[in-house]
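Observations on the model geometry
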Amino acid sequence: MKKSLKPSDIAKPSDCLCHIEQGELSPLPPPYEDFNQATITVLKPEKIKNIESSLDDTVAIGIPKPASPEEEEKLVSQFLSGLKKLFERDNNWTFLQPLMLSMEHCAKCQTCSAACPIYETSGRKEIYRPIFRSEVLRRIYKKYLKPGGRITAKLTGDIDLNWTTIARLAELSYRCTLCRRCATVCPIGVDNGLINHEIRKLFSQEMGIAPKEIHEKGSLQHLRVGSTTGMNSLAAKDSAEFIQEEMEEITGYKVEIPWDVEGADILLLHNAGEMLAWPENVGAFAIIFQAAGISWTLSSEAAGYDAVNYGLWYDDVQFSRVAVKHADIARRLKVKKIVIGECGHAHKALTVIADRLLTGDLNIPRESAMVTLENIVLGGKLQFDPSKNNFPVTLHDPCNIVRSMGIVEPQRRILRKIAPRFREMTPHGVENYCCGGGSGFAIMSGYNFGQWRNLVSSRRKFLQILNAFHDEPQDIPKYVCAPCSNCKGSIRDITDYYHAEERSGLHYGGLVELIINALAGMKKPMIRFGEKPSWEP
Amino acid sequence: MGFYILSYVCIAVFIGATGCLIYRQITLPLHVRWEIYPVRHETTARVAYGGSYMEEVNWWNNEYKSSHINELKYMVPEILFLRGLWKENRSLWLVSFPFHFGMYLMIATFGLLLLHAVITLGGFPAFTAGNADEALLSGLIAATGWSGLIMGNIGSLGILYKRLTDREMRIYSSFADYFNILFIFIFFLAALITCLLGDPLLEGAKAYTFGLLTGGHSPHPYVPGQTVFGRTTIVLASLLVAYIPLTHMSHMYMKYFLYHKVKWDDAPNQRGGKIESAIMRNLDLKPTWQAKHVGADGQKSWHDIATSAPKEMK
Ligand code: SF4
Ligand code: SF4
């Protein structure tokens, strides 16, 4: 039997601390057995020779290797200085209390392990266990920052601190999707997702280390250009024009997407990725709001047409800057409320987390689109023909909307009204599994990270989706409703990776597309299964 | 008298250390919301599936409500019977439940012993040895004491066994973890032996508790310090009281903060309210994070930084 890894092993140099062997991942059912022997493609030596890659089979950040022992030492002391700041009120008032409580009260009972989809589907790899990284951080903190720590470490758990420890810990903080499923089952209330979040912050806020997709091309670009997609305001308006034309074809009437309307009731914030990848989602919102006679607007101001806030995953400073921008745009437009479109992390960022950041007239009321849409769909003003959605539908619960915000039923009440063949996944609601793309994973695909995501972190979701449709013939089209851009991105990727459209008839999309698809009076269906329309006009 | 001094010191350490733990928690700055659903003080309809007040249209126009009854409905079985563990980790529950319940029963026994001592001290004529009220209280003391000791012994031994034999738990267990549980087991064992060897009605414990209130005077000829097991029990019980708040075992009561101040803290920030004032104080704090994009210099506040562009962009 192989020796189990211990938290202290993270400090011991080796080429690869943890490798997933063939056949170790949770098995997939037919017709996907051919993936059961799949492993993560080994990265070419020339690709990784200058970066830290000794944690496992993939690389999320790609931290440059220090050039000398002196540089290593400097990085170690930077790390310690950052760790200290995590426990200071001036530096970390945002999460100080939750962090201290979670650091001090873990009983190491392992109840959380079975709740973690990554740990479970990876073949129970020790480094992915929820408390592995927490315990590494806890031991470093106690040993190197607490008085007498070097002596008590022998009694409370020892660990060595060197560059290997730090580089691996940084990478390891990007092997958890911050789904917080582990936190819901902890009998004490300890939150390993939170500890992981704080590790990411330490690296970003003190050492400037973060995956480029979420920092450089993410939050920095968001603040500089206006959107993490790189789209400026003009390009956003152009896409909207194109969307309007498309929507006209579907509805048979002119659909207006209003921009910068001062005093509108609602400022709708979309994840700008929708405009590029799923423009029909933006169009569907426009049709619903127009048909319901709602006073609404989009904002063309930089950051105002992109609801994302990547800071939520790794950096409180970047988080605050984006949140303040969003609120300030709404304030100047004098809208009554902000409605957040189908983007899970944007929901939690602006509604829940920023609630303890925005004061005075920046504290504009904020509402989930799930709620606004429920009010419209169930309000009786619009007529629906649910038989148009006569295909099996299941619902994915984005962690940020459901587990972190408690918005569980509105989307279900809508589906019960418009999708006669709706069925739940098991488990669902606040006990859902993450899509595997949470906390930035959906947009990270450098090196071979995308493959790791498809094989490991999204695996549980894929199994759940297959299971939800197990009683349906393989060749009929099925719809996974994922009311979140990042979740949709990961579900798109697993559908492609496992050829699930061909093998199981899997299709995916948002909630508003289903609403429009069943809306009475449409000239054409909004949902198509490949070339096939979901209903005949 | 030496035993009493030790007990007084340990009780003082417990009060001091617990006070420090609580003081530290209540003086921390208000943190951002990080609740996780189900939030148990939600309405009955919503708590059933983990919903929140944010499921309502224009939720900010409604009064923020928090149901203590629903919270209790969850908390009481959670604290008493470890319902979460029963659901999520049954094999650990089998040893953890008797351990925790044994502890609660010991705390209850101590409470009853104190009550007995106070009434005895009060010199109520109706409460003399052998009469009905005294017999009832003594019976209760014996019942809670014995059941606590039996459950505590089974539970602590079971946890020790599980920690030693379960691979997952062993990897993460340190010397301190084994020490803690062994310490508690020896206490339970010593106390059980003391009772078994001639004090089935916990007369020694009654006398000792009375002595705690009177600086060592005891109306009773038998005090537990007369036997080696009795002495061990007093020493270990006293040390345990002092030791708990110094370790993660303080989760027994610090769980309050983990649940109420983090997991279930969903109170919305309202303009002009207390939360808003606390946020404003936080925004005046001055960070010193070193990464370039932060742009902190120890002079700029969170407010300045949040309303400025990252350095890389300038
Ligand atoms: S985080 Fe909670 S569930 Fe996990 S080991 Fe620690 S105490 Fe147990
Ligand atoms: S937050 Fe989610 S992914 Fe991270 S350790 Fe917990 S269960 Fe696993």
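Note that the coordinates shown come from a computational prediction; the quantities given were computed from them, not determined experimentally. Once a new chain begins, its residue numbering starts again from 1 and follows that chain's sequence as written. Chains carry letters from A onward and ligands carry numbers from 1 onward, assigned in written order. Given that the model is predicted, a residue must reach a pLDDT of at least 70 before its local features are reported, and side-chain atom pairs must reach 80 or more before they are shown or counted; all residues, however, enter totals for whole chains, interfaces and linings. Heavy atoms from the whole structure form the basis of all side-chain values; hydrogens and water molecules are not counted.

1. Regarding the sheet that holds strand β7 (residues 478–481) of chain A
Residues and elements named next belong to chain A. Strand pairing follows a simple DSSP-based rule, namely that at least 2 bridges must link the two strands. The helix count covers DSSP runs of H or I at least four residues long, the strand count covers runs of E at least two residues long, and both are numbered beginning at the N terminus. Spatial ordering of the open sheet is given by β6-β5-β7-β8, a layout of four strands whose pairing is parallel. Pairing within the sheet leaves two strands with one partner each, and these edge strands are β6 (422–423) and β8 (506–509). Whether two residues are in contact is decided by their heavy atoms: any pair within 4.5 Å suffices. Every angle, taken between N-to-C directions, lies between 0 and 180 degrees, and every axis is a line fitted to C-alpha atoms, over only the stretch in contact when it is a helix. Contacts from helix α19 (residues 409–418) reach β5 (393–395) and β6 within the one sheet, and its direction differs from that of β5 by about 175 degrees. Across the sheet, helix α24 (residues 511–518) is in contact with β5, β7 and β8; its angle to β7 comes to roughly 130 degrees.

2. What about unusual backbone geometry?
A cis geometry characterises the amide bond from A:T426 onward to A:P427, with omega recorded as -15 degrees. Here A:P427 is to be found in the loop between β6 and α20 (449–457). The residue after B:Y37, namely B:P38, is reached through a cis peptide bond having omega 5 degrees. Within the secondary structure, B:P38 is located in the loop between α1 (2–26) and α2 (44–47).

3. Topic: the site of ligand 1
Whether a residue is near a molecule or strand is decided by its heavy atoms; if any one of them lies within 4 Å of it, the residue is near. Contacts to ligand 1 come from 13 residues, most closely from A:C106, A:C109, A:Q110, A:C112 and A:C186. Among the residues making up the shell around ligand 1, the classes are represented as nine nonpolar, three polar and one charged. When residues are sorted by character, Ala, Val, Leu, Ile, Met, Phe, Trp, Tyr, Cys and Pro go into the nonpolar class, Asp, Glu, Lys and Arg into the charged class, and all the rest, Gly among them, into the polar class.

4. Details of the environment of B:V294
Among the structural elements, B:V294 can be located in the loop between α12 (274–283) and α13 (302–306). Between the alpha carbons of B:V294 and B:L114 there is a distance of 57 Å; along the sequence they are 180 residues apart. Dropping the residues within four chain positions of it, B:V294 is found in contact with A:Q205, A:V317, A:R321, B:W289 and B:I305.

5. Some thoughts on the site of ligand 2
Inspection of the region around ligand 2 gives A:C116, A:P117, A:P130, A:R133, A:C176, A:T177, A:L178, A:C179, A:R180, A:C182 and A:G193 as its neighbouring residues. Considered class by class, the residues forming the shell around ligand 2 number seven nonpolar, two polar and two charged.

6. Looking at the interface of chain A and chain B
Much of the literature gives interface size as the accessible area that the parts lose upon coming together. The interface is formed by 99 residues belonging to chain A together with 82 residues belonging to chain B. Between chain A and chain B, the buried area comes to about 8,000 Å², and carbon and sulfur atoms account for 59% of it. The largest contributions to the chain A side of the interface with chain B come from A:W93, A:R321 and A:R356, which together make up 12% of the buried area. Here, a salt bridge means any side-chain nitrogen of Lys or Arg that lies within 4 Å of a carboxyl oxygen of Asp or Glu. Counting every contact that joins chain A to chain B gives seven salt bridges. Note that A:D355 is salt-bridged to B:R33, the shortest N-O span being 2.9 Å. Within 3.5 Å is the distance limit for a polar contact, defined as a pair of N or O atoms, with the added protein rule that one can donate a hydrogen and the other accept it, and that residues adjacent in sequence qualify only through two side-chain atoms. Between chain A and chain B we count 56 residue pairs in polar contact (both at pLDDT 80 or more) in total. Considering each element in turn, the side of chain A that touches chain B owes the most residues, seven residues, to helix α4 (residues 96–104) of chain A. Buried area: the sum, over both parts, of the accessible surface (1.4 Å probe) that disappears when the two are put together.

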